[in-house]
Amino acid sequence: MKFFCVAGLLASAAAFQAQPAAFTTYSPAVGGATSNVFSESSSPAHRNRRATIVMDGKANAIRDRITSVKNTKKITMAMKLVAAAKVRRAQDAVLATRPFSETLQSVFGGLIARMGGEALDLPLLTQREVSKVTLVVITGDRGLCGGYNSFMIKKAEARFNELKDQGVACDMVLIGKKGITYFQRRGFPIRKTFETGQNPDSKQALAISEELLNTYLSGESDAVELLYTKFISLIASSPSARTLIPFSASEITQQGDEVFQLTSSGGDFEVERTELEVAEPQDFPNDMIFEQDPIQIINSILPLYLNGQILRTLQESVASELAARMQSMQSASDNAGDLAKRLSTEYNRARQAAVTQEILEIVSGASALE
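Everything numeric in this text was worked out from a predicted model, so none of it was measured. (Residues numbered from 1 in each chain as written. Predicted model: local features only at pLDDT ≥ 70, side-chain atom pairs only at ≥ 80, totals over all residues. Heavy atoms only, no water.)

So, on to the overall build of the chain. Each helix and strand counted, the chain has 8 helices and 7 strands in total. Split into buried and exposed, the 370 residues of the chain put 35% on the buried side. (Helix = DSSP H or I, 4+ residues; strand = E, 2+ residues; numbered from the N terminus. Buried < 20%, exposed > 50% of the residue type's maximum accessible area, 1.4 Å probe, protein only.)

Here you go:
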């Protein structure tokens, strides 16, 4: 047993002698510096290692939220640019239909002048006692456009209640998914529904005008009122109402028009509006012989005029919706930028607090060694 104990002691001593640098001692003088206590025993990898800042969960959550807000801002800016491109398309569509509207107005004015103020016995020009009104309400198919849809819905609901209080029956022709969903859920009397779309065309306007003409000529309604959003500028639009049927001959011949053009002067989107004069009535000589009676020609022109008016209001409503979406997405982008700045400030403060806490812990540990 003694032999084994002695052999163990000799093996331990050999191990300590084989690795003389495994343990080092340092006894600084009284009052001496202690900054190099571990300098000789530290390896080069330890000396070159940088301090790793370990932050709490709050800082990491703020960093993730900053990334999410910045991604949201990119999406809203992209949606704004897409809406701007669609506004230009709607602008081109309005300009493309302008020559047809001018020609139609000119021919109608010339025929009215040729008849010399003769009373026109036409159903679409005859005023009759109103006992039932059909409201045509144009809204959008999608949201994310500020108060565009809600303003139009409130105006239509107020007009419906006003007619009801006056003892006038009322039903609705709804154009746009938002208005359809709202009024169907609340049990309003709905005659027909249509979708708005982002690019209204003459085929869509023709389907709407045929429904309105059949409703009026069959006597199911005594008047048709149109509620739409009038395009004013990129930051303003006005819910408007007008009597669509019956027509007024003086209104058709004397009503001017206006077009708008989207520009990007100075790097910002702007709208230039141009007031157009009334089309001059076409001059029909007195000795001109018409193959059909002028009244029949006027009666054929009025449905075309109605179709053109519906197409124009659809295009104007779509332009108002897109402008409202542009403004809404711009506001969302600005808010996202402000939120990202506030979160960055909060993140920097949390990071600075973590660094300060680590410094205090190091200093406290060094003080404990003294």
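For the rest of this paragraph, the subject is the pattern of salt bridges. Applying the stated criterion to the full structure yields 7 salt bridges. Between R128 and D222 there is a salt bridge whose closest N-O contact spans 3.6 Å. Of this pair, R128 sits in the loop between α3 (57–115) and β1 (132–138) while D222 sits in the loop between α6 (202–217) and β4 (223–233), placing them 94 residues apart in sequence. In this structure, the salt-bridge partner of E220 is R191, at a minimum N-O distance of 2.5 Å. Taken together, the positions of E220 in the loop between α6 and β4 and R191 in strand β3 (residues 190–194) put the pair 29 residues apart, joining distant regions of the chain. The structure contains a network of salt bridges with shared partners spanning K132, D171, R191 and E220. (Salt bridge = Lys/Arg side-chain N within 4 Å of Asp/Glu carboxyl O.)

Grouped together as the largest cluster of nonpolar side chains are 31 residues, with contacts concentrated most on L212, L244, I245, F247, L302 and I310. Among the elements of the structure, α3, β1, β2 (169–175), α6, β4, β5 (236–245) and α8 (294–369) are those that each provide at least two residues to this core. The element contributing the most residues to this core is α8, with 8 residues. In terms of nonpolar packing, the next biggest core, distinct from the first, is built from 17 residues, V137, I153, M172 and L174 among them. (Core = buried A, V, L, I, M, F, W, Y, C linked by side-chain atoms within 4.5 Å.)

For any two aromatic rings, the description comes down to two numbers: the centre-to-centre distance and the angle of the planes. A complete count under the given rule lists 3 aromatic pairs for this structure. A ring pair is formed by F160 and F188, whose centres lie 5.0 Å apart and whose planes are at 70°; its orientation type is edge-to-face. Remark: F188 occurs in the loop between α5 (177–185) and β3 and F160 occurs in helix α4 (residues 148–165); sequence separation between them is 28 residues. The residues F160 and F188 share a single accessibility class, namely buried. Between Y182 and F183, the ring centres sit 5.1 Å apart and the planes meet at 85°, which makes this aromatic pair edge-to-face. F183 gets classed as buried once you look at its relative accessible area, which sits at 0%. Through a chain of ring-to-ring contacts, the aromatic side chains of F160, Y182, F183 and F188 assemble into a single cluster. For the cation-ring pair, R128 lies above Y216, with the distance from its terminal atom to the ring centre recorded as 4.0 Å. Taking NZ or CZ as reference, R186 lies 3.7 Å from the ring centre of Y182, over its face. (Phe/Tyr/Trp six-rings, centres within 6.5 Å; stacked < 30°, edge-to-face > 60°. Lys NZ or Arg CZ within 6 Å of the ring centre and 35° of its normal.)

With 18 residues, α4 extends 26 Å from end C-alpha to end C-alpha; this agrees with the ideal 26 Å at 1.5 Å per step. Within α4, the full set of buried residues consists of Y148, N149, M152, I153, A156, F160 and L163. Projected onto a plane normal to the axis of α4, the buried residues spread over an arc of 115° and lie on a single side. Looking at α4, the residues exposed on the side facing more than 90 degrees away from the buried face are K154 and D165. At the exit of α4 stands G167, carrying a positive phi of roughly 80°. (Expected span 1.5 Å × (residues − 1). Arc of directions from axis to C-beta.)

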